[in-house]
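Descriptive analysis of the structure
These are the residues of each chain, in order.
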Amino acid sequence: MTRPSTVSDARRGDPATDPPAPGPGTVRQRGRQPRPGRGGVLAIFLTPALVLFLLLVVAPILVASYASLYKWNGFGLPENFIGLDNYTRAFQDPTFRGDLWRGFVLVLLSLVVQLPAALALAMLLNQPLRGRAAYRLIFFAPYVLSEVTTAVLFDLVFSPNRGLGDAIATWLSADAGTVFADPDTVLYAVFLVVSWKYFGLYMMLFLAARQGIPKELSEAAVTDGASAWQAFRHVTLPLLGPTIRISVFLSVIGTIQLFDMVWVLTRGGPIHSSETMAVTMYEYGFRRFEVGYASAISIVMFLLSLVFALFYQRIVLRRDTAGAITNQGGPR
Amino acid sequence: MTVNRAQRTRGLVLHLVCVLVGALIVVPVWFGVLGGFKDNGQLSTNPLGWPDPWLPSNYTDILTSEVFWRQLGNSLLIAVSSTVIVVAAAAMAAFVFARYAFRGREFLVTLFAIGLMFPFAVAILPLFVLLRGMGLLDNPLGVILPQAAFGLPITIIILRQFFRTIPAEIEEAAVLDGCGSFGFFWRVLLPMARPALATVSVLAVVTSWNNFMLPLVVFTDQSWWTLPVGVQAFQGQYTAETARVLAYVVLSMVPALGFYAVAERQLIGGLTGSVKG
């Protein structure tokens, strides 16, 4: 998440080579030095990363966009060109359309429930509170557990008859044993497990940002007669803007590729009611060998992320470079 | 006097909230730990209480089986190798990006930065086809290399930022002392960047340790399974034996939580730092 870098002043290093005009003429010094010249150094240092990245990140995405135009089972070369049929098929497929809708619901829930809760806890842990280091340690701990471990644990917590969920449900005289089996509740249950694992991350981000804001600012507001809430609302919150916007971004990107948790908890079921795009893609690509169709779904995921990222960077994150203080009390 | 009391009530309420949230996190895990010492009968009659009697056999069975240790070893091998490769390749690239101006630099930096938002799931299918073509299925390199590749963006971004903070005077001094680019990178820059290297390594280890999709599709041979794949398969195999699966889950959490206890600072520093970048 780099800022759009306009940094030409970043050229602080590199005093060894002639300072002006590091442009096209770089190769010319080659003969003068016993060591590899500038071009050689660049090549040697960049090659490993570039090869890995082009071969294993960029190439697969290009291959996927190519394969998405074919009806292909993944064996041999794709030969049966069908144009954009895979894409039209996806957007007519009720499961895939459902994936989009469920993704939207998950993002919305995250914005309305998870991020505010994380923000509140971060503000809480910013108070002088005895034992807050321990609280912080515990709140963040689920983040290091894998999604799989978390999912299996919660699957068992809610397993009918021997789970913790059942015990609590009986106590509340409700029926919790079926949260993952009921199409009406399963998405919310998945959301809760996702939040269980990830809210600590957002809390940490907010906490770090909060600690980067000088105390004097909100103190001054309080001295001027603002209530604690007003000081938070009009001083702290706007200053946390960049971090909040980054968190929204992370949450959206994370939701688009949500797989492990859903796969282990529900396999997308019952009747697709917790399925995500990544699960649909996996199902078609690795189970039904409709690689062309699955590739089209991957590309849609990619384009969604890319378009969202570009849009977000342009419209929303750009303000952050303008200096957060200037929009205090702004539209938020 | 009243202010003092108000403050104390406030503190109490804050503590109460913290304890409640903490309970939400600790209780499921605690249920798992204790559940591992029970049998199914105990789990249904007494899910939250102490086991009575304590049955260590679920844990000891797993700890004496070869399967668990092999999965642990595989996870470790893959995490360490991915980390070494990604950090080495990224450090070299970040060095060039931070300290050389050359045509196309911004383009390359942007390319890597965009890589930050490639959902991994997008690439998994063609990656699978590619790895199959290269004969890397059921080969740890089939997981290690792609993981390293996908780890490059974040690692390069963090390291580049750090490398930029090292003053040019140091490089000038090194050059006067006869250091070439390689000497400066290896003998001066890397040792100075130790904290940043620790941060990115911790991030890479955690990412690799928790990866599921890639090992799931690359390894059909059980002997290469990593812990996440193993835990999921174990659950499938012993669906009816909840207590035994709980024990497996709990044991698979131990290394991750242990690592967290040791590397908490680097992990959090890395996550918060990368976002600010």
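Residues numbered from 1 in each chain as written. Chains lettered and ligands numbered in written order. Predicted model: local features only at pLDDT ≥ 70, side-chain atom pairs only at ≥ 80, totals over all residues.

**Describing the interface of chain B and chain A**
Contacts between the two partners involve 87 residues from chain B, matched on the other side by 81 residues from chain A. At 14 residues, the largest contribution of residues to the side of chain B that touches chain A is made by helix H13 (residues 242–276) of chain B. Split by residue class, the side of chain B that touches chain A holds 64 nonpolar, 16 polar and seven charged. (Contact = placed C-beta atoms within 7 Å. Helix = DSSP H or I, 4+ residues; strand = E, 2+ residues; numbered from the N terminus. Nonpolar A, V, L, I, M, F, W, Y, C, P; charged D, E, K, R; others polar.)

**What about the domain arrangement of chain B?**
Residues and elements named next belong to chain B. By the assigned domains, chain B splits into domain 1 (13–55) and domain 2 (67–276). Here the C-alpha centre of domain 2 lies 34 Å away from the C-alpha centre of domain 1. The set of elements that each furnish at least two residues to the side of domain 1 that touches domain 2 consists of helix H1 (2–35) and helix H2 (40–45). A per-element tally of the side of domain 1 that touches domain 2 places H1 first, with three residues. Of the residues that constitute the side of domain 1 that touches domain 2, the class distribution is two nonpolar, four polar and two charged. (Domains from an automatic or database assignment.)

**Observations regarding the packing of helix H1 (residues 38–67) of chain A against helix H4 (residues 66–99) of chain B**
Here H1 of chain A crosses H4 of chain B at 130 degrees, and the two axes come no closer than 8 Å. Relative to H4 of chain B, H1 of chain A is oriented oblique. The hand of the H1 of chain A/H4 of chain B crossing is left-handed. Here Leu 42, Phe 45, Leu 46, Pro 48, Ala 49 and Leu 52 of chain A of H1 of chain A come into contact with H4 of chain B, specifically with Ala 89, Ala 90, Met 92, Ala 93, Phe 95 and Val 96 of chain B. Residues belonging to the contact of H1 of chain A with H4 of chain B are distributed by class as follows: 12 nonpolar, no polar and no charged. (Axes fitted to C-alpha atoms, helices over the stretch in contact; angles between N-to-C directions. Parallel < 35°, antiparallel > 145°, perpendicular 65-115°, else oblique. Left-handed = near helix turned anticlockwise from the far one by under 90°.)

**Comments concerning the nonpolar core**
Ile 297 of chain A together with Ala 90, Ala 93 and Leu 159 of chain B are the most contacted members of the largest nonpolar core, which totals 179 residues. Looking at which element gives the most residues to this core, the answer is helix H7 (residues 186–211) of chain A, with 17 residues. When residues of this core are assigned to domains, at least three fall in each of domain 1 (13–55) and domain 2 (67–276) of chain B. Once residues lying within four places of it in the same chain are set aside, the contact partners of Ile 297 of chain A are Ala 90, Phe 96, Met 277, Thr 280, Met 281 and Tyr 284 of chain A. (Core = buried A, V, L, I, M, F, W, Y, C linked by C-beta atoms within 7 Å. Buried ≥ 20, exposed ≤ 12 C-beta atoms within 10 Å, placed from the backbone.)

**A few points about unusual backbone geometry**
Along the chain, Asp 52 of chain B connects to Pro 53 of chain B via a cis peptide bond; the corresponding omega equals 0 degrees. With respect to the secondary-structure elements, Pro 53 of chain B resides in the loop between H2 and helix H3 (57–64). Here the phi dihedral of Ile 271 of chain A falls at roughly 40 degrees; this positive angle occurs in a residue that is not glycine. Topologically, Ile 271 of chain A is positioned in the loop between helix H10 (260–265) and helix H11 (277–287). Judged by local crowding, Ile 271 of chain A falls into the exposed class, with 11 C-beta atoms found within 10 Å. Here the phi dihedral of Asp 138 of chain B falls at roughly 55 degrees; this positive angle occurs in a residue that is not glycine. Mapped onto the elements, Asp 138 of chain B comes out in the loop between helix H6 (120–133) and helix H7 (141–164). For Asp 138 of chain B, a count of 14 C-beta atoms within 10 Å gives the class partly exposed.

**Some remarks on the confidence of the model for chain A**
In the predicted model, chain A carries a mean pLDDT of 79, and 81% of its residues have values of at least 70. Low pLDDT (under 50) marks residues 321–332 of chain A, which in the prediction has 16 contacts with non-local residues, meaning those over four places away or in another chain. (pLDDT = per-residue confidence, 0-100.)

**Considerations on the confidence of the model for chain B**
All names here are of chain B. For chain B, the mean per-residue pLDDT works out to 88, and 97% of the residues sit at or above 70. Looking across chain B, the model is least confident in H2, with a mean pLDDT of 81, and most confident in H4, with 94. Scored by ipTM, the complex comes to 0.90, with pTM at 0.85.

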